[in-house]
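Analysis of the macromolecular model
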Amino acid sequence: MNDEKHERSAASMRAAEVAVAAFLFLLGALAIWDSVRIGYVWAEDGPQAGYFTFYVGLFICISTGIIIFRALADRAMAARVYVTRGALQQVMQMFVPAVVYVVLISLIGIYVASTLFIGYFMRRLGRYPWVTTIGVAVATSVFVFVLFEVWFSVPLPKGPLEAWLGLD
Amino acid sequence: MSSKFSKLLRVSALSLGVLALALAGSPARAWEPTKTVEFIVPAGTGGGADQMARFIQAVVQKHNLMKEPLVVINKSGGAGAEGFLDVQGAKGDPHKLIITLSNLFTTPMATGVPFNWKNLTPVSMMALDEFVLWVNADTPYKTVQEYTDAAKKAGPGKFKMGGTGSKQEDQIVTVALEKATGAKFTYVPFKGGGAVATQLVGKHVDSSVNNPIEAVAQWRAGKLRPICVFDDARLPYKDKVTADMAWGDIPTCKEQGVNMSYVMLRGIFMPGGVPAEAVNYYVDLLAKVRATPEWADFMKTGAFNQTALTGEAYRKWVADAEVLHHELMKEAGFLAK
Amino acid sequence: MEEISSLMHGFGVALTLFNLGLMFVGIVLGVIIGVLPGLGGANGVAILLPLTFTMPPTSAIIMLSCIYWGALFGGAITSILFNIPGEPWSVATTFDGFPLAQKGRAGAALTAAFTSSFVGALVAVIMITFLSPVIANFALEFGPPEFFAVYLLTFCAFVGMSKGQALKTIASMMVGFGLAAVGIDTVTGQVRLTFGFTSLLQGFDFLIAVIGLFGIGEILLTLEEGLAFKGKSAKLNVKVVLETWRELPRYWLTSLRSSVVGCFMGIVPGGATPASFMSYGVAKRFSKDGERFGTGQVEGVVAPETAAHAAGTSALLPMLTLGVPGSPTAAVLLGGLLIWGLQPGPLLFQEQKEFVWGLIASMYLGNIAGLVVVLTCVPLFAAILRVPFSIIAPIIIVVCAIGAYTVHNNMLDVYMMMVFGAAGYLMRKLNYPLAPLVLALVLGDAAESSFRQAMLISAGDVSVFFSNWLVGGMTGLALLLLFWPTITVLLKRLRGG
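Predicted model only: the values in this text are computed from it and were never measured.

**Here's the deal with the overall build of chain B**
The number of helices and strands found in chain B is eleven helices and ten strands. Computed over its C-alpha atoms, the radius of gyration of chain B comes to 21 Å, within 12% of the 20 Å expected for a compact globule of 337 residues. Projected onto the principal axes, the alpha-carbon positions of chain B cover approximately 70 × 50 × 40 Å. Going through the 337 residues of chain B one by one, you find that 58% of them count as buried. For chain B, the proportion of contacts with a sequence separation of at least 24, taken over those separated by at least 6, is 79%.

**So, the overall build of chain C**
The number of helices and strands found in chain C is 23 helices and two strands. Relative to the compact-globule value of 23 Å for 497 residues, chain C shows a C-alpha radius of gyration of 22 Å, a close match. Sequence-distant contacts in chain C: of pairs separated by 6 or more residues, those separated by 24 or more amount to 79%. One finds the centroid of the 24 positive side-chain charges in chain C at a distance of 15 Å from the centroid of its 23 negative side-chain charges.

**Examining the domain arrangement of chain B**
Residue and element names in this part refer to chain B. When cut into domains, chain B gives domain 1 (31–129 + 263–332) and domain 2 (132–249). Each of domain 1 and domain 2 was reduced to a C-alpha centroid, and the two centroids are 27 Å apart. Counting residues at the interface gives 23 residues for domain 1, matched by 16 residues for domain 2. With both chains or domains summed, domain 1 and domain 2 bury close to 1,600 Å², and 61% of this area falls on carbon and sulfur atoms. Looking only at domain 1, the three residues that lose the most surface to domain 2 are K300, A303 and L328, adding up to 28% of its buried area. Summed over the shared surface of domain 1 and domain 2, the number is two salt bridges. Between E331 and K179 there is a salt bridge whose closest N-O contact spans 2.7 Å. Elements with a minimum of two residues in the side of domain 1 that touches domain 2: α4 (103–111), α10 (293–301) and α11 (311–332). For the side of domain 1 that touches domain 2, the leading source of residues is α11, giving five residues.

**Quick notes on the packing of aromatic side chains**
Residues and elements named next belong to chain B. Taken as a whole, this structure holds 48 aromatic pairs over all chains when the rule is applied. Relative to W247, the ring of W219 has its centre 4.9 Å away and its plane inclined at 55°; by these criteria the two rings are tilted. Highlighted residues: W219 in helix α8 (residues 212–220) and W247 in the loop between β9 (224–229) and β10 (264–271), separated in sequence by 28 residues. Judged by its relative accessible area of 4%, W247 falls in the buried class.

**Thoughts on the side chain of B:T106**
All names here are of chain B. Here T106 shows up in helix α4. What makes T106 buried here is its relative accessible area of 1%. Contacts of T106, omitting those with residues within four sequence positions, involve K167, Q168, I172, H325 and M329.

**What about the sheet that holds strand β6 (residues 159–164) of chain B?**
Residue and element names in this part refer to chain B. The five strands are arranged β7-β6-β8-β5-β9 in an open sheet whose pairing can be described as mixed. Each edge of the open sheet carries a strand with a single partner, namely β7 (185–190) and β9. Direction of pairing for strand β5 (residues 132–136) relative to β9: antiparallel, over a ladder of five bridges. Among the inter-strand pairings, L133 is bridged to a residue of β9, identified as C228. Contacts between helix α5 (residues 144–154) and the sheet are confined to β5, β6, β7, β8 (207–208) and β9, with β6 contributing the most and set at about 120° to the helix.

**Looking at the interface of chain A and chain C**
In this complex, chain A contributes 63 residues to the contact, which on the side of chain C involves 60 residues. A combined buried area of about 5,300 Å² lies between chain A and chain C, and 81% of that area is made up of carbon and sulfur atoms. Our enumeration of links across chain A and chain C arrives at one salt bridge. Between A:E17 and C:K168 there is a salt bridge, and its shortest N-O distance comes to 2.9 Å. Scanning the region where chain A abuts chain C turns up eight residue pairs in polar contact (both at pLDDT 80 or more). Of all the elements in the fold, those that place two or more residues in the side of chain A that touches chain C are α2 (13–38), β3 (46–47), α3 (51–73), β4 (81–84), α5 (85–108), α6 (110–124) and α7 (130–151) of chain A. Across the side of chain A that touches chain C, the residue classes tally to 46 nonpolar, eleven polar and six charged.

**Overview of the side chain of B:S166**
Locating B:S166 in the fold gives a position in the loop between β6 and α6 (169–181). Of note is the side chain of B:S166, whose polar atom sits 3.3 Å from the backbone nitrogen of C:G189. With residues up to four places along the chain from it excluded, the contact list for B:S166 reads B:Q171, B:P189, C:T186, C:V187, C:T188 and C:G189.

**Things to note about the state of the cysteines**
This structure, assessed with the given rule, holds one disulfide over all chains. As a non-bridged cysteine, C:C66 has C:C377 as the owner of its nearest cysteine sulfur, 16 Å distant.

**Considerations on the packing of helix α4 (residues 57–82) of chain C against helix α6 (residues 106–135) of chain C**
Residue and element names in this part refer to chain C. Viewed as axis vectors pointing N to C, α4 and α6 meet at an angle of 155°, and their least axial separation amounts to 10 Å. On the basis of their axis angle, the class for α4 and α6 is roughly antiparallel. Considering only the axes of α4 and α6, their crossing is right-handed. Note on element contacts: α6 touches α4 through A106, A109, L110, A113, F114, S117 and F118, opposite F73, A76, I77, I80 and L81. The residue inventory of the contact of α4 with α6, partitioned by class, reads eleven nonpolar, one polar and no charged.

**A short note on the sheet that holds strand β3 (residues 96–100) of chain B**
All names here are of chain B. Within the open sheet, the five strands sit side by side as β2-β1-β3-β10-β4. Their pairing is mixed. A single partner strand is all that each edge strand has here, and the edge strands are β2 (70–74) and β4 (120–129). When the angles between neighbouring strand axes are averaged without regard to direction, this sheet yields 25°.

**Focus on α4(B)**
Each α-helix winds once per 3.6 residues, and so residues spaced three or four apart point in a common direction. Residues and elements named next belong to chain B. Where burial is concerned, most of α4 is hidden: nine out of the nine residues are buried. Residues of α4 that are buried: N103, L104, F105, T106, T107, P108, M109, A110 and T111. In the segment just after α4, G112 is the residue with positive phi, at about 75°.

**Concerning helix α12 (residues 272–286) of chain C**
Helix length check: α12(C) (15 residues) gives 21 Å between terminal C-alpha atoms against 21 Å at 1.5 Å per residue, within 8%. When you tally the buried positions in α12(C), you get 13 out of 15 residues, the bulk of the element.

**Here we look at the pattern of salt bridges**
Oppositely charged side chains can form a pair if their charged atoms are brought close together. Per the stated rule, a full pass over the model turns up 29 salt bridges over all chains. The closest approach of N and O atoms between B:K288 and B:D284, which form a salt bridge, is 4.0 Å. In this pair, B:K288 and B:D284 both sit in helix α9 (residues 276–290), four residues apart, roughly one turn of the helix. Close ionic contact of C:E247 with C:R105 constitutes a salt bridge, the shortest N to O distance being 3.2 Å. One end of the pair, C:E247, is in helix α10 (residues 239–247); the other, C:R105, is in the loop between α5 (91–102) and α6, and 142 residues separate them in sequence.

**Some points on the confidence of the model for chain C**
Per-chain confidence: chain C averages 87 in pLDDT, with 97% of residues scoring 70 or above. Within chain C, helix α13 (residues 299–314) of chain C carries the highest mean pLDDT (95), whereas helix α15 (residues 328–339) of chain C carries the lowest (79).

**Some points on a nonpolar patch on the surface**
A grouping of A:W130, A:I134, A:V138, A:V142, A:V146, A:V150 and A:W151 is seen on the molecular surface, where their side chains present a nonpolar patch of about 680 Å² in accessible area. Tracing the backbone shows A:W151 in helix α7.

**A word on the environment of C:A180**
Residues and elements named next belong to chain C. Mapped onto the elements of the fold, A180 is located in helix α8 (residues 166–181). Judged by its relative accessible area of 10%, A180 is buried. Along the sequence, A180 and E218 sit 38 residues apart, while their C-alpha atoms lie 23 Å from each other. In contact with A180, other than residues within four places in its own chain, are A440, L441, G444 and D445.

**Quick notes on the packing of helix α11 (residues 252–267) of chain C against α13(C)**
Residue and element names in this part refer to chain C. Where α11 meets α13, the axes come as close as 7 Å, and the angle between the chain directions of the two elements is 30°. Viewed along their axes, α11 and α13 adopt a mutual orientation that is roughly parallel. The two elements α11 and α13 meet at a crossing, and its hand is right-handed. Mapping the contact onto sequence places T254, S255, S258, S259, G262, C263, M265, G266 and I267 in α11 and E299, V302, A303, T306, A307, A310, A311 and S314 in α13. Across the contact of α11 with α13, the residue classes tally to eight nonpolar, eight polar and one charged.

Here is what the cut-offs are and how they apply
Residues numbered from 1 in each chain as written. Chains lettered and ligands numbered in written order. Predicted model: local features only at pLDDT ≥ 70, side-chain atom pairs only at ≥ 80, totals over all residues. Heavy atoms only, no water. Helix = DSSP H or I, 4+ residues; strand = E, 2+ residues; numbered from the N terminus. Rg over C-alpha atoms; globule rule 2.2 N^0.38 Å. Buried < 20%, exposed > 50% of the residue type's maximum accessible area, 1.4 Å probe, protein only. Contact = heavy atoms within 4.5 Å. Lys, Arg positive; Asp, Glu negative; His and termini not counted. Charge placed at Lys NZ, Arg CZ, Asp CG, Glu CD. Domains from an automatic or database assignment. Buried area = accessible area lost by both parts, 1.4 Å probe. Salt bridge = Lys/Arg side-chain N within 4 Å of Asp/Glu carboxyl O. Phe/Tyr/Trp six-rings, centres within 6.5 Å; stacked < 30°, edge-to-face > 60°. Pairing = 2+ DSSP bridges. Axes fitted to C-alpha atoms, helices over the stretch in contact; angles between N-to-C directions. Polar contact = N/O pair within 3.5 Å; in protein donor to acceptor, adjacent residues only side chain to side chain. Nonpolar A, V, L, I, M, F, W, Y, C, P; charged D, E, K, R; others polar. Disulfide = S-S within 2.5 Å. Parallel < 35°, antiparallel > 145°, perpendicular 65-115°, else oblique. Left-handed = near helix turned anticlockwise from the far one by under 90°. Expected span 1.5 Å × (residues − 1). pLDDT = per-residue confidence, 0-100. Patch = residues over 30% accessible without salt bridge, like charges linked within 9 Å, V, L, I, M, F, W, Y side chains within 5 Å. Areas by Shrake-Rupley, 256 points an atom, 1.4 Å probe, with all protein chains shown as cover.

Here's what the structure looks like:
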């Protein structure tokens, strides 16, 4: 059954808890490491550049360490669902195109990328007719162009199309 | 020889340009921007460099000196490193300018960021910013000697010098002053020049090396007293700023026997590898900006040193300044390890 | 009353047709700038500054300050509708504003936000009109130890308020401090936590983190539950304004407290963003509905908005009289003053009477104009929630991306925004409170700098934080607030025993 598959767990609460805490632990460890490099003691004229960051890192490591330890000890947590497959799929429907969009900005400029992104989303998830889709997508980009480039003269990233049109 | 030759070339190119302009009165000029010109400020909004950049933009706009728009963009990250790296990376792009302050030298030296001004094309020095030693008007000090003697008497580190940023121009001036007089200060870095002046008025620090424009209001209100200016000659401004003093009445530190001077570059650069015609275009544009009455007012308000250089003379000035900064920073122990 | 006559004269200066037109243009532009995250008031004013050089200074400052008021108003709109703060000071507005919108009360939240902004500004402007000679020099009392005490006070007013697990609160806050420290250390100029990446030198801007954590994270969470925003049923007529107004007088005490907090933070100058957090924290502690803050309380919108606007307005006082900008926007306005040939400083009030009182009069008029403009648009703003999700969601992401880019004109920020978005989603689902992270990111740097400046001045002596009544009082109050829960328990026990 499709529904059942959707309800199945994609990640348990415990797995997610441990993964996120471990990532933060890593950040904390990095902070400690760099603080030691630049000096982390209280010198005569007050704390050195790494003094605060050292303790910040230490606190991150201690608190996330305990979180990891507790999660691993908690059996019940492993049975709880963090995210179901269906939900994850929904989220990925947005997140993946958004990541692609952000990468595209640096390649083809923000205006073309935005048009494509809005268009894709409306067509794919909203199932709007082509006319509406193209209308909204193009209108948004043109509006943004006028607002930023013309009125506020704030240059945003541009790509080959704008160069070809002589708009950059 | 090569410098002479290029100077000759430049002069002839310029006079040719002027000639062509005079003869035809038409856009016979070799190069003109074809799109928006980005004017990068390697500092935050509201600071001295930002003010000057936006002022230039306003003058260009008001007098219609350029057909395409000039847009000011702040790239202040990493003590300006972000802006410099951006321009360094835009090799050959003639639609990009950058205004500099001393962080042109200090940022790469103090942080080890892979940037050097030699990868940029110097366009024009617009002015030099002055540094003045200020104390609170309630204190008895009238000369550098009196002040530094008091600092020495109090013991090393007892007197606090407020300044903008760390390992940048204000701290360099402080270190140079210490070296020249033997006094030892505790340097306290703040975020902006206005904050430093207020801290001095509020007596949280004992002195500052604010730029004239940062402290002038408090001077006029009788809260601060200028001791001396860190330049080779007195400022040329004779109009009274307070009831009885003009900028020109402030003695130089050298007059008072402290053998040091420091000025800060306010200059314009372009990315490397740009066509010479483009450089000439901007040299010409900026010369027109400097010729406006607005600019003269601006220079007077900020009590700037109006030295303006271009071409080889400018390049040489920058090269000398780099050596000087390297020495000062090395002695102070500010160089990146 | 000399002030009254000066003010009347000021109204005469401000009330020309030309100036009124500029006021209106400024407000509308400001609201647009405020709505767009990233393009903040400071950028907006800086961008439009050169346009004003051809105007008389008084007209120019009227238009630019109206952009500033407009941005103050506009920041709340996206906070309430989409959980995306348009301006730093509207982060605290999301805490209750967004839940209200989800409950279908977007109109009420917007009305409350706009009205309290107006009240905050009004209190501040009245204070400027009558008390400026008295309080102008207050900021001079503030050295590094005092500034640190102010930040500590903000922190203590705010922490302990999140109900989440203590461990996760600590972790989240520390991550915020850690992120704030990335880049160049202000005090020593040393590079830290960049691990050799030049692109990290600029550090993490708090707006990028907020756009990602709150904005993108929220959209991802919404998607889990299907393709729709909650709160579509928001009422769409002007009646909602009147209904909300009837409710607002109930929160007079919160308004008053928040105005005081805001004015104080503006004059010091500590800034509108800390003011909004501090005010929210204080309101939560002392309101009888404090327990329910964060679930969509109108009072939770009133508190931060009043304080932010009061602080934003009173920040102009230290700018005019001392030349110390109380906010990034004030810093840009300050640059403008210098370019017009006006010297901010103690003498400005005597030498440039027409300019100063024209500006003050425009504060009254600009805020009234602003309130009228934004209130009439409340139904329009609330109607945005009715746009189908599959159209509005990608547009929001586009706006977020533009916002992230415009903060530093840097693509890395846009990538970081997506990373923060993913982190926001993951952390929210695990009940990590995000507010402490954001607050730590906002204040971390400034707090650390002022602490270490204080240490430089006192040669490493910590007792400097109790060295006079001002700093000692604030530090004491901060500690009192921090331990308030413990103290109340003790008091109860004493009474019981």
